[in-house]
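# Descriptive analysis of the structure
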There are 2 protein chains.
Amino acid sequence: MTADQQKLLFAAYRLAERGELYRFEPERIAAEAGMPADSFGRCFAQEREFWLALHRLNVHLLVNDITRATDGMPPGRERLKAGVLAYWDGCVRTIPVRAIVRGYRKDPDILARLDRINWGFAHMLSMEMKKIGWERYNEAAQIAWFMAEGVVRLELEANGPLPDLRQTFWDFLAARPTRIGTPAATAPKTRPKAAAGVKAKAAAKPKSAARKPAAAAKAVKKRK
Amino acid sequence: MTADQQKLLFAAYRLAERGELYRFEPERIAAEAGMPADSFGRCFAQEREFWLALHRLNVHLLVNDITRATDGMPPGRERLKAGVLAYWDGCVRTIPVRAIVRGYRKDPDILARLDRINWGFAHMLSMEMKKIGWERYNEAAQIAWFMAEGVVRLELEANGPLPDLRQTFWDFLAARPTRIGTPAATAPKTRPKAAAGVKAKAAAKPKSAARKPAAAAKAVKKRK
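Residues numbered from 1 in each chain as written. Chains lettered and ligands numbered in written order. Predicted model: local features only at pLDDT ≥ 70, side-chain atom pairs only at ≥ 80, totals over all residues. Heavy atoms only, no water.

### Side note on the overall build of chain A
Regarding its fold elements, chain A presents 12 helices and zero strands. In chain A, the order of α-helices and β-strands from amino to carboxyl end is α-α-α-α-α-α-α-α-α-α-α-α. Partitioning the contacts of chain A with sequence separation of at least 6, the portion at a separation of at least 24 is 65%. When the accessible surface of chain A is summed, it comes to about 11400 Å², and 56% of that surface belongs to carbon and sulfur atoms. (Helix = DSSP H or I, 4+ residues; strand = E, 2+ residues; numbered from the N terminus. Contact = heavy atoms within 4.5 Å. Areas by Shrake-Rupley, 256 points an atom, 1.4 Å probe, with all protein chains shown as cover.)

### What about the pattern of salt bridges?
Applying the stated criterion across every chain yields a total of 29 salt bridges over all chains. A salt bridge links Asp 164 of chain A to Arg 136 of chain B, with the shortest nitrogen-to-oxygen separation between them at 3.1 Å. Pair noted here: Asp 164 of chain A is in helix 9 (residues 163-173) and Arg 136 of chain B is in the loop between helix 7 (108-132) and helix 8 (137-158), and the two residues belong to different chains. For Asp 164 of chain A, a relative accessible area of 37% translates into the label partly exposed. By relative accessible area, Arg 136 of chain B is classed as buried at 11%. In this structure, the salt-bridge partner of Arg 79 of chain B is Glu 128 of chain B, at a minimum N-O distance of 2.7 Å. (Salt bridge = Lys/Arg side-chain N within 4 Å of Asp/Glu carboxyl O. Buried < 20%, exposed > 50% of the residue type's maximum accessible area, 1.4 Å probe, protein only.)

### Some points on helix 7 of chain B
Taking 1.5 Å of rise per residue, the 25 residues of helix 7 of chain B would be expected to cover 36 Å, and the 36 Å separating its terminal C-alpha atoms lies within 8% of that figure. Buried residues of helix 7 of chain B: Ile 110, Arg 113, Leu 114, Ile 117, Phe 121, Ala 122, Leu 125, Ser 126, Glu 128, Met 129 and Ile 132 of chain B, and no others. Where helix 7 of chain B is buried, its residues touch helix 9 of chain A together with helix 4 (47-70), helix 5 (77-93), helix 6 (95-101), helix 8 and helix 9 (163-173) of chain B. Gly 133 of chain B occupies a position one or two residues after helix 7 of chain B and carries a positive phi of about 120°. (Expected span 1.5 Å × (residues − 1).)

### Remarks on the side chain of Thr 94 of chain B
Residue and element names in this part refer to chain B. On the secondary structure map, Thr 94 appears in the loop between helix 5 and helix 6. Judged by its relative accessible area of 4%, Thr 94 is buried. In terms of polar contacts, Thr 94 uses its side chain to reach the backbone carbonyl oxygen of Cys 91, at 3.3 Å. When sequence neighbours within four positions are dropped, the list of residues in contact with Thr 94 reads Tyr 13 and Asn 58. (Polar contact = N/O pair within 3.5 Å; in protein donor to acceptor, adjacent residues only side chain to side chain.)

### Structural notes on the packing of aromatic side chains
Applying the stated criterion across every chain, the model contains 28 aromatic pairs over all chains. An aromatic cluster is defined as three or more aromatic residues linked by ring pairs; in this entry it consists of Phe 24, Phe 40, Phe 44, Phe 50 and Trp 51 of chain A. (Phe/Tyr/Trp six-rings, centres within 6.5 Å; stacked < 30°, edge-to-face > 60°.)

### Brief notes about helix 8 of chain B
When the terminal C-alpha atoms of helix 8 of chain B are compared, their 31 Å separation across 22 residues agrees well with the 32 Å that a helix rising 1.5 Å per residue should span. Phi turns positive, to about 65°, at Asn 159 of chain B, one or two residues after helix 8 of chain B.

### Side note on the packing of helix 4 of chain B against helix 5 of chain B
Residues and elements named next belong to chain B. Contact geometry for helix 4 and helix 5: axes closest at 8 Å, N-to-C directions at 150°. Comparing their axes, helix 5 and helix 4 come out roughly antiparallel. In terms of crossing hand, the pair formed by helix 4 and helix 5 is right-handed. Seen from helix 4, the contacting residues are Leu 62, Asp 65, Ile 66, Ala 69 and Thr 70; seen from helix 5, they are Arg 79, Ala 82, Gly 83, Ala 86, Tyr 87, Gly 90, Cys 91 and Arg 93. Within the contact of helix 4 with helix 5, the residues separate by chemical class into seven nonpolar, three polar and three charged. (Axes fitted to C-alpha atoms, helices over the stretch in contact; angles between N-to-C directions. Parallel < 35°, antiparallel > 145°, perpendicular 65-115°, else oblique. Left-handed = near helix turned anticlockwise from the far one by under 90°. Nonpolar A, V, L, I, M, F, W, Y, C, P; charged D, E, K, R; others polar.)

### Focus on the packing of helix 4 of chain B against helix 7 of chain B
Residue and element names in this part refer to chain B. Packing of helix 4 against helix 7 brings their axes to within 11 Å, and their N-to-C directions diverge by 10°. Taken together, the axes of helix 4 and helix 7 lie roughly parallel to each other. Side by side, helix 4 and helix 7 meet where Arg 48, Leu 52, His 55, Arg 56, Val 59, Val 63 and Ile 66 of the first sit next to Asp 109, Ile 110, Arg 113, Leu 114, Ile 117, Phe 121 and Met 124 of the second. The residue inventory of the contact of helix 4 with helix 7, partitioned by class, reads nine nonpolar, one polar and four charged.

### Describing the confidence of the model for chain A
Close inspection of predicted coordinates is inappropriate for parts of the model with low pLDDT. Residues at a pLDDT of 70 or more form 81% of chain A, whose mean pLDDT is 80. Considering only residues more than four positions removed or in separate chains, one finds that residues 185-224 of chain A, a stretch of pLDDT under 50, has 54 contacts. (pLDDT = per-residue confidence, 0-100.)

### Describing unusual backbone geometry
Of note, Asn 159 of chain A is a non-glycine position whose phi angle comes to about 65°, a positive value. When you line up the elements, Asn 159 of chain A lands in the loop between helix 8 (137-158) and helix 9.

Written as structure tokens, this is what we have:
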């Protein structure tokens, strides 16, 4: 990418973020970038090329947000929380940018990219789910990702954050995993009942890492 | 829809379900329906019209499956379980049908229909979540729907059921809701800690309907 292309891209991004860009306005973007009005035609062969680059920039900045929010943290519940919050807030912050790129969301190149991004995010989550105590951590990461991504879908529709929906996500995320090998893969565990005080049943179950208090888990880690 | 259109539609559906239809083969479908080879042109003005009708039939049969599986059950965890299982199994059963309709999934009419279907399913789930004890039952239904739909997405990719992923869904679904008004909407509750035996803390919290055993909840209902 040339320096001039980048200048135009960042100018468009700034305009979009400020809510001042609703469609493709090459002269306006060039003006924001402090470049001649005909710069666009010289820098991008096709309008599509520009939208793909803007989408890539948006994803890049979002991943930056997440990386910054989780930098230096060990895998686990706290890092998961910080990462998901940065993801949600980043998505809400860039609603205007997403809105103008939306017309290109069905572009095969963007679809393929979204596919890779989804797998990347789900993979990031699997480290957290493993640490939290999920034996089926890949599956737990997939499900957590479906939830986190679903929150974004509704927040984009609502044009802002939905605190009740976010809280409900945390509620679900606090679920305790079953050990692999416990019977009846199709039957839902009636966890609320057990949690209400059927202690004998709970005590009979094998110990799970997820049930250890955080301090104990840390101690285990240090010993290694 | 005319009787001839229906005959062709059901014939195509049967062929697809048996895995014998991979693309638009009007003469083959007509043969399966026991109709003359040129029937298609007389019955459907456009190929698109036929695919839209096949998609509608597929959704219709899926909703039928769910209705049959949950017929006569009161709202709650058991009906939710039966409905979600019927939904998953119906989607897996119709993978070959979905595969041939896939090319039309970006059709605006199908997209609008999928949107309505998604809202319909999420709405169905909200009755269950309310009964299970979620105060934020609409949000809980949305999140449950994101999870259930996500399972289908991966099962379609995998071309069959994914038992570990399904079990993980039930694990998440067993999460206990927080009462509305408990502080820190952004912080995840460290439920595993509380569940491990921090009884004093749990006892101090206000009683939640979700924590009552099913029998007690039923008694409450009868009193009304």
